[in-house]
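So you can see what is in the structure, the chains are spelled out below.
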Amino acid sequence: MTAINSVTDLSREGDVAVITINNPPVNALGQAVRDGLIAALDKAAQDDGAKAILLICAGRTFIAGADISEFGKKLSGAGFMETQDKFDAMKKPVVAAIHGTALGGGLEVAMCCHYRVAVASAKFGQPEVNLGLIPGAGGTQRLPRLTGVPKALEMVATGKPIGAPDALANGLIDEIVPGDLKEGALAFIQKLLSDGKGARRTRDLQEKVTGDFAPIFTFAKSQNMRGFEAPLDAINAVEMATKLPFDEGITFEQKTFLARMMSAQSGALRYLFFAERKVSKIPDVSDDTATLPIKKVGVIGAGTMGGGIAMNFANAGIPVTIVEMKQNALDRGLGVVKKNYDGSAAKGRFTAEEVDRRMSFLTGSLTFEDLSDCDLIIEAVFERMDVKKDVFAKLDKVAKKDAILASNTSFLNIDEIATATSRPDHVLGLHFFSPANVMKLLEIVRGEKTAKEVVATAMKLAKTISKVGVLVGVAHGFVGNRMLEARANEADKMLMEGAMPWDIDQVLLDFGYPMGGYAMWDLAGLDLGWAKEESHSDTLRDLENEAGRKGQKTGAGYYDYDEKRKATPSPVTEKMLKDLWAKKGVSPRQIPAQEIIERQIYPMINEGAKILEEGKASRASDIDIVWLYGYGFPAWRGGPMYYADAIGLDTVLAGVKKYGLKPSALLEKLVSEKKKFSDL
Ligand code: T1G
C-alpha cells in the first residue's frame, strides 16, 4: 500500500491496481482527492504488473460530490477538467466500486471510469440543481451517454438520486455486487479481463445521444420552474450532448457551470446547505450531551395531526401507541393512517407487505395507562390550554419517571403546560407541521426548565424520523407561525384597501412560493382557531366561516374548488369583500405588486429580528430553515433573513416604517452599525 497523499492510497490486488480514497466524512472531491486521483492513475498506468485499475472509497460512501466548502476559493491544484482528462487518457480498464451515495462530482468521477459496479443499497445522483448549479465535471455529457436522454434529464433537472436497480436497468452501472463490494469488484474485473474487454471511455459512447430528441427537450423546458434558473441550464447542457461533439459539449457545460457558480441563486442555496446542518448545533448544549433512549412512543389523539405524527415513528420502526377517548375516533384515526399507507403503495412508493410492516408498529388504545412504558408521549389534542394541562396532569401520573412529555401545540405556552406536571424538566414542545407525516420541519420548543438532555434527545430524534428539527423558544407562535401571523395581518389589511385574496396570492406565487397565503388557509381550514361565538361578520374570514365556507374541506373558502380541488377566485368572496368595503366606507385602490410583496416580506423579517432579539431562535439561518421547510419559502432566495441581507437591511427598515410597523430594535441597531443578520 503506497500513500499517494493524505487522502489517497494505491495498492495492488493481484494484477489489479487499487486506488482507495479516504476523505471523511463523505469523501468529497476536494483538492487533495483530485490531486491524489491524478497521481494514483499516473502510477497505476506505469505499473506493468497492473492490468486494470479499481477505484474504491473507504468510510460510509463513495465520493458524495465536490467539496462545497471549497466553492469560490482559488484552486491550488488540479481542477475538474484535469481530473476528467486523466481518466480519459487511461489505456487500462478503470472500474469504480460504489457504495453509499455517488453524488455530483462523485458520480461524475465514476462515469469517467470505464465501468461501474455497486452494492444494492447504493444511490446515484446529480443533485447540483439543489445548489443552484449544474453538473460541472462532465455529468451533463456523460450521463446521457450511459442512461439515455430521458433518465439523464430526470436526474439532472430534479437533482433526485436513483437506486442501484434503476441505475443498472438504465446502463449507469454494469453490475450490482451481492456480497463484499471490493471482492465483487475484483471478480468483475477478472471476468472483464478474461472476456478481453478493455477501456471503454464514456465520452466515446454515441448511440444513446444520437437521434431526434426535440420533443423531450421541448417538454422539459416547458415545465414551470417558478423563477428557479438552474434546472433549465441543466436541461440545455444535456441537450448539447445530443447536438455537439463531446469536447464542445464539455466547453458549453463548463461555461454554464461557472455562470451558475457566480449566480445569486447558487449563493443562496449553498448558504442553505450549511444552514440546514447548523440547526443541530445548540450554543449551550454540547454535541456530546447524553441523550435518552426513545424505544416506544405514545401519541394522544388520533386526529389528522395525531395520526400523521404517529406515522413518523412507524416509518422509523419505532412502536407507537395511539390513545383516543372513543373507539370510533380511534378506528377512524387508524383507518386514515392505513389509507395514507395504501395510497403510497398504490403510487409504487412501497409494497403491500411494507404497509403491513409499518402498521404493525401502531397500537390503538383507549386508556393512558397503556402509555406507562413509553419513553416519549406526544399530545395532539384540542388547542386549548385547559384541555392540554388536564392531559399533561394525567400523563404525569401514568408515565414512567424519565419519560418525556411533549405537546404538539402550534402556539400555546409550553412553560404553562409544564406547570401541570411534576417534571417540567422533561416537558417540551414538538411542533409538527400539517401534514405531519409529510412536512420536514419540526419546531422543537424549549421550555424554561427543559433539561439539556431532553433538548439533545429531541434534536437527535428529529433526524431519526427524517425531520429537520429547529430549536425555538416559547413565544406566541414560536418562530414560523409568529412570522406567518405578521404576514397574514398585513395581507388582511390590504384586503381592506382594495386587494382581493388572489391578487395577494399571485404576488407570492410570482415570488416563488408554491402556494399563496389565502390558498394555504383554505387548505388548513378557515375555521382553525376561529370561534363562532367570537365572530362578528367583521372580517372576510368571519363572513366565510359564517357562510359555512371553511376552505377546501367544504369545497369553498376564499376560493371555490371543483371536485378535483382546483381553485378558482370566488365571486362569493368578491361580493363579501365589496360589501365589507361599502360597510366600512373603504375606497378600494389597485395595490401595486411591488407594494404587496414588500408588505408580505418586510413584516416577516421584522418579526424575525424580534425573535432574534428575544433569543427565541439560535441564529438567523435557523429562521430561514424554518421558512424553507415549514412554509415553502423559495429556496433559491435563501430564506427571509438571507433575503433581507441581500436587499439591504436599510431598505427593509425603511419599508417597515413606511408601512407603519413598529421596527425591531435589533433591525435598527444593525442598520445603524451597517451590519447584516449574517454578522450576528
Ligand atoms: N461538500 C462538503 N461537505 C459536505 C458535502 C459536500 N459535498 N456533503 C456533506 N458534507 C458534510 C456536511 O456538511 C456534514 O458536515 C457532513 O458532511 C455530513 O453530512 C462538480 C460541483 C452525502 C447524502 O450536493 O447530500 O459535486 O456538519 O449531515 O445526512 O458537478 O451530505 O458534520 O461538519 O448531510 O448522512 C454535489 C451534498 C456537490 C451532496 C450525506 N453533492 N451532501 O448525508 O450527512 S456539487 C451534493 C449530501 C458538485 C460537481 C458539482 C449529504 C449526504 P458536518 P450530512 P448525511
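Residues numbered from 1 in each chain as written. Predicted model: local features only at pLDDT ≥ 70, side-chain atom pairs only at ≥ 80, totals over all residues. Heavy atoms only, no water.

A.B. asks: How would you summarise the domain arrangement of the protein chain if you had to cite specific residues and measurements?
C.D. replies: The assigned domain composition of the protein chain is domain 1 (2-262), domain 2 (297-475) and domain 3 (498-584). Of note, the centres of domain 2 and domain 3, computed from C-alpha atoms alone, are 31 Å apart. (Domains from an automatic or database assignment.)

A.B. asks: I'd love a proper account of the environment of Arg-201, names of residues and values included.
C.D. replies: The topology assignment puts Arg-201 in the loop between α7 (181-194) and α8 (214-221). Relative accessible area serves as the criterion here: at 28%, Arg-201 is assigned to the partly exposed category. Once the C-alpha coordinates of Arg-201 and Tyr-341 are considered, the two residues, 140 residues apart in sequence, prove to be 44 Å apart. Ignoring anything within four residues of it in the chain, the contact list for Arg-201 reads Asp-88 and His-114. Looking at Arg-201, its side chain comes within polar contact range of the main-chain oxygen of Asp-88, at 3.2 Å. In this structure the side chain of Arg-201 is engaged in a polar contact, spanning 2.9 Å, whose partner is the side chain of Asp-204. (Helix = DSSP H or I, 4+ residues; strand = E, 2+ residues; numbered from the N terminus. Buried < 20%, exposed > 50% of the residue type's maximum accessible area, 1.4 Å probe, protein only. Contact = heavy atoms within 4.5 Å. Polar contact = N/O pair within 3.5 Å; in protein donor to acceptor, adjacent residues only side chain to side chain.)

A.B. asks: Residue-level account of the side chain of Glu-598, with values.
C.D. replies: Note that Glu-598 resides in helix α23 (residues 593-613). Lacking a salt bridge, the buried Glu-598 has Lys-658 as its closest oppositely charged neighbour, with an N-O distance of 4.1 Å. Residues contacting Glu-598, with those up to four places away along its chain left out, are Pro-603, Lys-658 and Tyr-659. (Lys, Arg positive; Asp, Glu negative; His and termini not counted. Salt bridge = Lys/Arg side-chain N within 4 Å of Asp/Glu carboxyl O.)

A.B. asks: Report on the packing of helix α4 (residues 139-147) against helix α9 (residues 230-241), specifying residues and quantitative values.
C.D. replies: Their axes nearest at 8 Å, the elements α4 and α9 cross at an angle of 60°. Compared by their axis directions, α4 and α9 come out oblique. Considering how the two elements wind past one another, α4 and α9 form a crossing that is right-handed. Residues Thr-140, Gln-141, Pro-144 and Arg-145 of α4 pack against Ala-237, Val-238, Met-240 and Ala-241 of α9. Each residue belonging to the contact of α4 with α9 can be placed in one class, and the counts come to 5 nonpolar, 2 polar and 1 charged. (Axes fitted to C-alpha atoms, helices over the stretch in contact; angles between N-to-C directions. Parallel < 35°, antiparallel > 145°, perpendicular 65-115°, else oblique. Left-handed = near helix turned anticlockwise from the far one by under 90°. Nonpolar A, V, L, I, M, F, W, Y, C, P; charged D, E, K, R; others polar.)

A.B. asks: Tell me about helix α5 (residues 149-158), and name the residues and values.
C.D. replies: Within the sequence span of α5, burial applies to Val-149, Lys-151, Ala-152, Leu-153, Met-155 and Val-156. The first or second residue beyond α5 is Gly-159, which carries a positive phi of 75°.

A.B. asks: Explain the sheet that holds strand β5 (residues 94-98) to me, using residue names and the numbers behind them.
C.D. replies: One open sheet accounts for 7 strands, arranged β1-β2-β3-β4-β5-β7-β10; its pairing is mixed. Whereas interior strands pair on both sides, the edge strands pair on one side only; in this sheet they are β1 (2-5) and β10 (175-177). Taking the axes of each pair of neighbouring strands and ignoring which way they run, one obtains an average angle of 25° across the sheet. Together, β1, β2 (8-13), β3 (16-21) and β4 (52-57) form the strand contacts of helix α1 (residues 31-46), whose direction differs from that of β2 by roughly 30°. (Pairing = 2+ DSSP bridges.)

A.B. asks: Give a description of the site of the ligand that names residues and reports values.
C.D. replies: Around the ligand sit 25 residues, and of these Ala-66, Gly-105, Glu-108, Glu-128 and Gly-136 come closest. Here a nitrogen atom of the ligand and a backbone polar atom of Ile-68 are 2.9 Å apart. The side chain of Glu-128 places a nitrogen or oxygen atom 2.7 Å from an oxygen atom of the ligand. When the ligand is considered free in solution it has 1000 Å² of accessible area, and contact with the protein chains removes 71% of it. The element that contributes the greatest number of residues to the shell around the ligand is helix α11 (residues 264-278), accounting for 3 residues. (Near = heavy atom within 4 Å. Areas by Shrake-Rupley, 256 points an atom, 1.4 Å probe, with all protein chains shown as cover.)

A.B. asks: Residue-level account of the sheet that holds strand β8 (residues 123-125), with values.
C.D. replies: Taken together, the 3 strands give an open sheet; going across it, the order is β6-β8-β9, and neighbouring strands pair in mixed fashion. Edge strands, defined here as strands with exactly one partner in the open sheet, are β6 (101-103) and β9 (162-163). Bridge count between β8 and β9: 2 bridges; the pairing is antiparallel. If you follow Phe-124 over to β9, its bridge partner there is Ile-162.

A.B. asks: Account for the packing of α4 against α5, naming residues and giving values.
C.D. replies: Where α4 meets α5, the closest approach of the two axes is 7 Å, and the angle between their N-to-C directions is 135°. Between α4 and α5, the angle is such that the two are oblique. The handedness of the crossing between α4 and α5 is right-handed. On α5, the residues that touch Leu-143, Pro-144 and Thr-147 of α4 are Val-149, Lys-151, Ala-152, Met-155 and Val-156. In terms of residue class, the contact of α4 with α5 is built from 6 nonpolar, 1 polar and 1 charged.

A.B. asks: Give me the packing of aromatic side chains: which residues, what numbers.
C.D. replies: For the structure shown, the criterion picks out 13 aromatic pairs. Between Tyr-271 and Tyr-642, the aromatic rings sit 4.5 Å apart at their centres with planes inclined by 35°, giving tilted as the arrangement. Placement of the pair is Tyr-271 in helix α11 and Tyr-642 in helix α25 (residues 640-647), with a sequence separation of 371 residues. Of the residues examined, Tyr-642 reaches a relative accessible area of 26% and is grouped as partly exposed. Relative to Tyr-643, the ring of Phe-511 lies with its centre 5.3 Å away and its plane at 85°, an arrangement referred to as edge-to-face. (Phe/Tyr/Trp six-rings, centres within 6.5 Å; stacked < 30°, edge-to-face > 60°.)

A.B. asks: Explain the state of the cysteines residue by residue, including any values.
C.D. replies: Applying the stated criterion to the full structure yields 0 disulfides. Cys-57 carries a free sulfur, and the closest cysteine sulfur to it, the one in Cys-113, is 9.8 Å from it. Judged by its relative accessible area of 7%, Cys-57 is buried. The thiol of Cys-112 is unpaired, and the distance to the nearest cysteine sulfur, on Cys-113, comes to 7.0 Å. Judged by relative accessible area, Cys-112 falls into the buried class, the value being 4%. (Disulfide = S-S within 2.5 Å.)

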